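# Structural overview for review
Chain residues, written in single-letter form:
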Amino acid sequence: MKIDEKYYRTIWPIPGAASPKNEAVFKVGIIDQTMLPHQFNVLELHTLQEMALAISNMQVRGAPLIGAAAAYGFALAVQSDASDQYLRNAAQTLLNTRPTAVNLHWAIKRMQKCIDALPVADRRDAAWREAALICEEDVQINRAIGQHGMKLIEAEFSKSKKNTFNILTHCNAGWLATVDWGTALSPIYTAHDAGMPIHVWVDETRPRNQGASLTAWELGKHGIPHTVISDNAGGHLMQHGQVDMVLVGADRVTSTGDVCNKIGTYLKALAAFDNHVPFYAAVPSPTIDWTIKDGLKDIEIEMRHADEVSYISGLTDDGQIKSIRLTPHHSHAINPAFDVTPSHLVTGIITERGVTLPNQLSGLFN
Ligand code: MRU
């Protein structure tokens, strides 16, 4: 997508000076998402450890981007030491960064499969090629989700007989959460670009505020009308007919269509169900975990630091980004980062292969 007329992806390889053996050396560029929307900073990462830290600190985040970042983290590891032992440890380092988004596991497995059978000398080029391919595929998948999702929006819009179609989204499932286009926001960009009058309700998404800081920023840069709301406002808006569709992304989806996404998604699904508002999840195939059936039992929910709840960060009037305490010093806080929306609350799942009922996902892919 474009930022101020310059085209960006969220992650990209940067050629560096050749090694003493005259091999090509790369570093990896990322957008530091912890500074948005107040500062747009690009970081250059040189090592596996730097990439692992960027993932766990959420400088890169969002399930598909976590997968792409893990792929490039693995390529950085191969670049420094392509031995089996080192790469086994490297894979574990990356796997330890964040537990819930299955894209991370998927990407590492794919990178390992790609280099495992190769002699050590051939691994470096193969790893950079595979990571780039994972990124290209992510873009194509999200583009296709945009096309399928747009048709769905079109159909719901013509049923609604309204002048504006109001979509509520939670967290950030836009281009910042992927390599490009986004998952849940891809149909929104596509429909907007096709001339449909879309307005987006953006859940702020406490505690990390990916909605207020990232989704609002992205939509604004693309000129899409949107309004940021507190996480608690969605149910009220649905009761008053102001939401025509809920459209979210996912971090892991079971083979049976349970949707694990950012904490608070489940409450939106409940409110949507009660108000007959269609609830869709946009899900690229690497986000589907075909090995599990029961989202509540089988998905590890990341527990993040309680300080993300006890503190909030923002821009002061004199232009500094500061973190301030919200809660009393003695109050304990906990911070589960994701929840699971059971498939019976999900109207449909939008994938790169088309739209399906949640319990018929496998029919699209098998
Ligand atoms: O903790 P985050 O910011 O990585 O969580 C991101 C989400 O939950 C997104 O909604 C999800 O990854 C959808 S993917 C485009």
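Quick caveat: nothing in here was measured; it's all calculated off a predicted structure.

Taken together, 18 residues form the shell around the ligand, and within it Arg-98, Gln-210, Asp-251, Asn-261 and Lys-262 come nearest. Arg-61 places a polar side-chain atom, nitrogen or oxygen, 2.9 Å from an oxygen atom of the ligand. In this structure, an oxygen atom belonging to the ligand sits 2.8 Å away from a side-chain N or O atom of Arg-98. Contact with the protein chains hides 100% of the accessible area of the ligand, taken as 410 Å² for the molecule alone. When atoms are counted within 2 Å of each cavity's grid points, the one that captures over half of the ligand is the largest cavity. Sorting the residues of the shell around the ligand by element identifies helix 2 (63-80) and strand 11 (259-262) as the ones contributing at least two each.

A few words on empty space enclosed by the protein. Leftover empty space is mapped by rolling, across the atoms, a probe with the size of a water molecule. Taken as a whole and judged by the stated rule, the model has three cavities of 30 Å³ or more. Lining the largest cavity are 21 residues, with Arg-61, Gly-62, Ala-63, Asn-172 and Asp-251 positioned closest to its centre. Broken down by secondary-structure element, the contributors of at least two residues to the lining of the largest cavity are helix 2 and strand 11. When residues of the lining of the largest cavity are assigned to their parent elements, the largest contribution, three residues, is made by helix 2. Its residues assigned to classes, the lining of the largest cavity shows nine nonpolar, eight polar and four charged. When we break the lining of the largest cavity down by domain, the ones giving at least three residues each are domain 1 (2-137) and domain 2 (152-300 + 339-365). Estimated volume of the second largest cavity: approximately 90 Å³.

In terms of domains, the chain is made up of domain 1 (2-137), domain 2 (152-300 + 339-365) and domain 3 (303-336). Placing a centre on the C-alpha atoms of domain 1 and another on those of domain 2 gives a separation of 27 Å. Taken together, the contacts link 30 residues of domain 1 with 27 residues of domain 2. Carbon and sulfur atoms make up 60% of the area that domain 1 and domain 2 hide from each other, which totals about 2,300 Å². The three residues of domain 1 that bury the most area against domain 2 are Arg-61, Thr-100 and Val-102, which together make up 23% of that side's buried surface. Viewed at the interface, domain 2 and domain 1 are joined by one salt bridge. Close ionic contact of Lys-221 with Asp-4 constitutes a salt bridge, the shortest N to O distance being 3.3 Å. Summed over the shared surface of domain 1 and domain 2, the number is twelve residue pairs in polar contact (both at pLDDT 80 or more). Those elements giving two or more residues to the side of domain 1 that touches domain 2 turn out to be helix 2 and helix 4 (102-116). Class assignment for the residues of the side of domain 1 that touches domain 2 results in 18 nonpolar, eight polar and four charged.

Each value, and the rule that gives it
- Residues numbered from 1 in each chain as written.
- Predicted model: local features only at pLDDT ≥ 70, side-chain atom pairs only at ≥ 80, totals over all residues.
- Heavy atoms only, no water.
- Near = heavy atom within 4 Å.
- Polar contact = N/O pair within 3.5 Å; in protein donor to acceptor, adjacent residues only side chain to side chain.
- Areas by Shrake-Rupley, 256 points an atom, 1.4 Å probe, with all protein chains shown as cover.
- 1 Å grid on protein atoms, 1.4 Å probe; cavity = no way out; pocket = protein on both sides within 12 Å on 5 of 7 lines; lining within 4 Å.
- Sits in = over half its atoms within 2 Å of the grid points.
- Helix = DSSP H or I, 4+ residues; strand = E, 2+ residues; numbered from the N terminus.
- Points joined across faces, edges and corners; volume = space filled by probe spheres on them.
- Nonpolar A, V, L, I, M, F, W, Y, C, P; charged D, E, K, R; others polar.
- Domains from an automatic or database assignment.
- Contact = heavy atoms within 4.5 Å.
- Buried area = accessible area lost by both parts, 1.4 Å probe.
- Salt bridge = Lys/Arg side-chain N within 4 Å of Asp/Glu carboxyl O.

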